[in-house]
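Chain residues, written in single-letter form:
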Amino acid sequence: MESLIAWLFVAFLAAELIVESLLNEANMRHLERQWRQGRLPDLFTATISPETHEKSVRYALAKGRFARWSAVYGTVLTLVVLFGGVLPWVDRLAGGAGNFLPLPEVPGILFCLAVGGVFAVASLPLRIYSTFVLEERFGFNKTDVRTFVTDRVKGTVLAVVLGAPFLYGVLWLMRATGAWWWVYVFVFIFAFQSLMLVIYPTLIAPLFNRFSPVADDSLRDAITKLAQRVGLRTSGIYTMDGSKRSGHSNAYFTGLGKAKRIVLFDTLLEQLDRGQLLSVLAHEMGHYKMRHVLKGLGLSAVFTLAGLWVLSLLLDYPPLFRTFGLHEPAHHTALVIFSLISGPFTFWLAPFMNHISRRHEYEADDFAVRLLDDGKPLEEALLALTVNNLSNPTPHPWYSAYHDSHPATAERIHAIRVAGGGEAVAAAPGGGAGA
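For the structure given in this document, a descriptive report is provided here.

Reading the values: rules and limits
Residues numbered from 1 in each chain as written. Predicted model: local features only at pLDDT ≥ 70, side-chain atom pairs only at ≥ 80, totals over all residues. Heavy atoms only, no water. Pairing = 2+ DSSP bridges. Helix = DSSP H or I, 4+ residues; strand = E, 2+ residues; numbered from the N terminus. Axes fitted to C-alpha atoms, helices over the stretch in contact; angles between N-to-C directions. Contact = heavy atoms within 4.5 Å. Expected span 1.5 Å × (residues − 1). Buried < 20%, exposed > 50% of the residue type's maximum accessible area, 1.4 Å probe, protein only. Phe/Tyr/Trp six-rings, centres within 6.5 Å; stacked < 30°, edge-to-face > 60°. Lys NZ or Arg CZ within 6 Å of the ring centre and 35° of its normal. Salt bridge = Lys/Arg side-chain N within 4 Å of Asp/Glu carboxyl O. Core = buried A, V, L, I, M, F, W, Y, C linked by side-chain atoms within 4.5 Å. Polar contact = N/O pair within 3.5 Å; in protein donor to acceptor, adjacent residues only side chain to side chain.

**With respect to the sheet that holds strand S1 (residues 211-213)**
Phase 1 of the analysis: In spatial order, the strands read S1-S2-S4-S3; together these 4 strands make up an open sheet with mixed pairing. Each of the sheet's edge strands pairs with one partner strand only, and the pair in question is S1 and strand S3 (251-254). The mean inter-strand angle of the sheet, taken between neighbouring strand axes irrespective of direction, is 30 degrees.
Phase 2 of the analysis: Note: strand S2 (residues 237-240) against strand S4 (residues 261-265), 4 bridges, orientation parallel. Along S4, the bridge assignment pairs tyrosine 238 with valine 263.
Phase 3 of the analysis: The strands that helix H11 (residues 274-289) touches are S3 and S4; relative to S3, the one it contacts most, it runs at about 30 degrees.

**Digging into helix H5 (residues 106-122)**
It helps to recall that an α-helix has 3.6 residues per turn; residues three or four apart then point in one direction.
Phase 1 of the analysis: A rise of 1.5 Å per residue sets the reference length of H5, with its 17 residues, at 24 Å; its end C-alpha atoms lie 24 Å apart and thus fit the reference within 8%.
Phase 2 of the analysis: Along H5, the positions that sit buried rather than exposed are Val106, Pro107, Gly108, Ile109, Phe111, Cys112, Val115 and Ala122.

**Focus: the packing of aromatic side chains**
Phase 1 of the analysis: For the structure shown, the criterion picks out 14 aromatic pairs.
Phase 2 of the analysis: Ring centres of tyrosine 59 and phenylalanine 140 lie 5.2 Å apart, and the angle between their planes is 45 degrees; on these two criteria the pair is classed as tilted. Of this pair, tyrosine 59 sits in helix H3 (residues 50-83) while phenylalanine 140 sits in the loop between helix H6 (124-137) and helix H7 (145-176), and the two are 81 residues apart along the sequence.
Phase 3 of the analysis: Since its relative accessible area comes to 4%, phenylalanine 140 is described here as buried.
Phase 4 of the analysis: Aromatic pair phenylalanine 166 and phenylalanine 188: ring centres 5.8 Å apart, planes at 20 degrees, arrangement stacked. Here phenylalanine 188 lies in helix H8 (residues 181-204) and phenylalanine 166 lies in helix H7, a separation of 22 residues in the sequence.
Phase 5 of the analysis: Phenylalanine 166 gets classed as partly exposed once you look at its relative accessible area, which sits at 22%.
Phase 6 of the analysis: If you follow arginine 152 out to its NZ or CZ, it ends over the ring of phenylalanine 148, 4.6 Å from the centre.

**Re helix H12 (residues 292-314)**
Phase 1 of the analysis: For H12, spanning 23 residues, the distance from its first C-alpha to its last is 33 Å, which sits close to the expected 33 Å at 1.5 Å a residue.
Phase 2 of the analysis: Among all positions of H12, only His292, Leu297, Ala301, Gly307, Leu308, Leu311 and Ser312 are buried.
Phase 3 of the analysis: Buried-residue contacts for H12 involve H8, H11, helix H14 (331-346) and helix H15 (350-372).

**Describing the pattern of salt bridges**
Phase 1 of the analysis: In the structure shown here, the tally under the stated rule is 11 salt bridges.
Phase 2 of the analysis: Residues arginine 175 and glutamate 105 are paired through a salt bridge, measuring 2.7 Å at the closest nitrogen-oxygen approach. Taken as a pair, arginine 175 in helix H7 and glutamate 105 in the loop between helix H4 (86-98) and H5 lie far apart in primary sequence, 70 residues in all.
Phase 3 of the analysis: Given the relative accessible area of 46%, arginine 175 is considered partly exposed.
Phase 4 of the analysis: The closest approach of N and O atoms between arginine 412 and aspartate 365, which form a salt bridge, is 2.8 Å. Here the residue arginine 412 occupies a position in helix H18 (residues 409-419), and aspartate 365 occupies one in helix H15, the gap between them amounting to 47 residues. Across this residue pair, the class does not change: arginine 412 and aspartate 365 are buried.

**Some words on the nonpolar core**
Phase 1 of the analysis: Core analysis: the largest hydrophobic core is formed by 44 residues, its most contacted members being Ile223, Ile262, Leu268 and Met285.
Phase 2 of the analysis: It is helix H16 (residues 376-388) that provides the largest number of residues to this core, a total of 7 residues.
Phase 3 of the analysis: Excluding residues that lie within four positions of it along the chain, leucine 268 makes contacts with Ser249, Asn250, Ala251, Leu277, Val280 and Leu385.
Phase 4 of the analysis: Grouped together as the second largest cluster of nonpolar side chains are 39 residues, Leu13, Phe111, Ala301 and Phe321 included.

**A short note on the side chain of threonine 323**
Phase 1 of the analysis: Relative to the helices and strands, threonine 323 resides in helix H13 (residues 318-323).
Phase 2 of the analysis: Overall, the relative accessible area of 10% leaves threonine 323 in the buried class.
Phase 3 of the analysis: Among the polar contacts made by the side chain of threonine 323, one reaches the main-chain carbonyl oxygen of proline 319 at a distance of 2.7 Å.
Phase 4 of the analysis: Ignoring any residue separated from it by four or fewer positions in sequence, one finds threonine 323 in contact with Glu2, Ile5, Ala6 and Phe83.

**Describing the pairing of S2**
Phase 1 of the analysis: Neither face of S2 is left uncovered, since the one carrying Ile237 and Thr239 and the one carrying Tyr238 and Met240 both have all their residues buried.
Phase 2 of the analysis: Relative to S2, S1 runs antiparallel, the two being bridged by 3 bridges. Bridge pairing in S2 places serine 212 opposite threonine 239.

These values are about where atoms sit, not about what they do.
Here it is, written out as C-alpha cells:
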C-alpha cells in the first residue's frame, strides 16, 4: 500500500509540473510570436512605445524562464522532504527538544515550524535571484540587502509568534475534542483568519512598511466623499512606501470592521493623475460594496472544511505515514504531510478559482464606472498600470485561465466600453494590470 500511495502522489505531482510547464512554454512562445509579428491590441498602440513593448516582452520571457526552473526546483525540494528522510529526522529532533517542556503539543509545534523553516531556507536562493537579479535587471528592485535581511528576520519572528499559538490551538483541539475535532478546528481557523484581517492593517503591515495619511488635502477629501457615497467607513486613507522595495504600483482595501483602511502605493501616486487614482479606488470600493472579500472568505471556508474532513479520514491511516518514513500516525505529522501532498491533488482547481476572481474584477470595474459615471479614467489607469508594471499585454489564453486572477487589460477595457456603450476593442485574453 505504501508503494501505491507513493506512486500515486508522484504521478499527481508530475502531472502538476507537466501542466504548469507546458502552459508556461506555450505562453512564452505565444508572447514571442505575437511580438515578432507586431501584434498588439489597437488600444495599446498609442500608449506603449515599441521600446516599452519590447521591454515588457523581455520581462515576461525572463519571468517565464525563471518559472521554468523554480517549478523544477520546488518539485525536487518537495520530493526530498517527503522521501529523503527529512520528516522523520525533524520529528526526532522536535521530540527531543519537546522533552524539556511539559505541554504535549510542544513537539508538534516545533516539528511544524521546523519543516516550514526548511522550506523557507531552501527557497532563499529563488527569492534572492528574483529580487536582486530578475527585478533588478528591469529596474523594479528597490530593496537593498539590509532591507531584504530585515524582512526575512521579521517574517521568521512573526511565523513563530503567530504560528506557535495557532498550532497549539489546532493540535490541542485535535487531541481534546474527539471524532468531530475537524469541525472545532475549522471554527478555530476561521476565527483566527478573521482576527488576522483585523490586526494585519494596524499591527503587522506597519512592521514592514511605513503608512502615512494622504498628505494632499484635496485628494483625501475627494476619496472621503467617494467612500461616503458607497457607505464605506474606514479608519483612514494611507500611502505606503512601496518604493522602498519595488517600482511596481498598486492600491488595495484591507481590514474588517473599524480596522478597514484604503492604501495607496506611493509609486501609484506618482504614476496616475487625480481622476485615474479615484477610478482605481472606486474599483477597490466596488470589491467592498459587492462583498467580494466576504465571498472569498466563504469560499475559502468551504475548501478548508472539506480539507479538514479529508484529513480526518486519513488521520489514523498508518500506510500514509509509513510512505513518508514515519512509523506511526501523529497529529502534527498528519498536518504537515497533508499540507505537502494536497497541492498536487487539487491543482486543477486553479482555473475555477481564477474564474471567480476575474468575474469579481469585472464587477468591480463596472461598479467604478457607474459610480464615477465615466469609464475613461479607469481605462487610462489600467493602461498606465500595464505600461508602468511591464505587464504582458497578450498572454496565452490557456496560461491566463490557469494562472491569472485578473483579466487582461484589453479584456477589461473592452468590457468597460461595452457596458458604457462605447467603442469596443479586440480583446486579448489573459492576465492584466492590478487594481
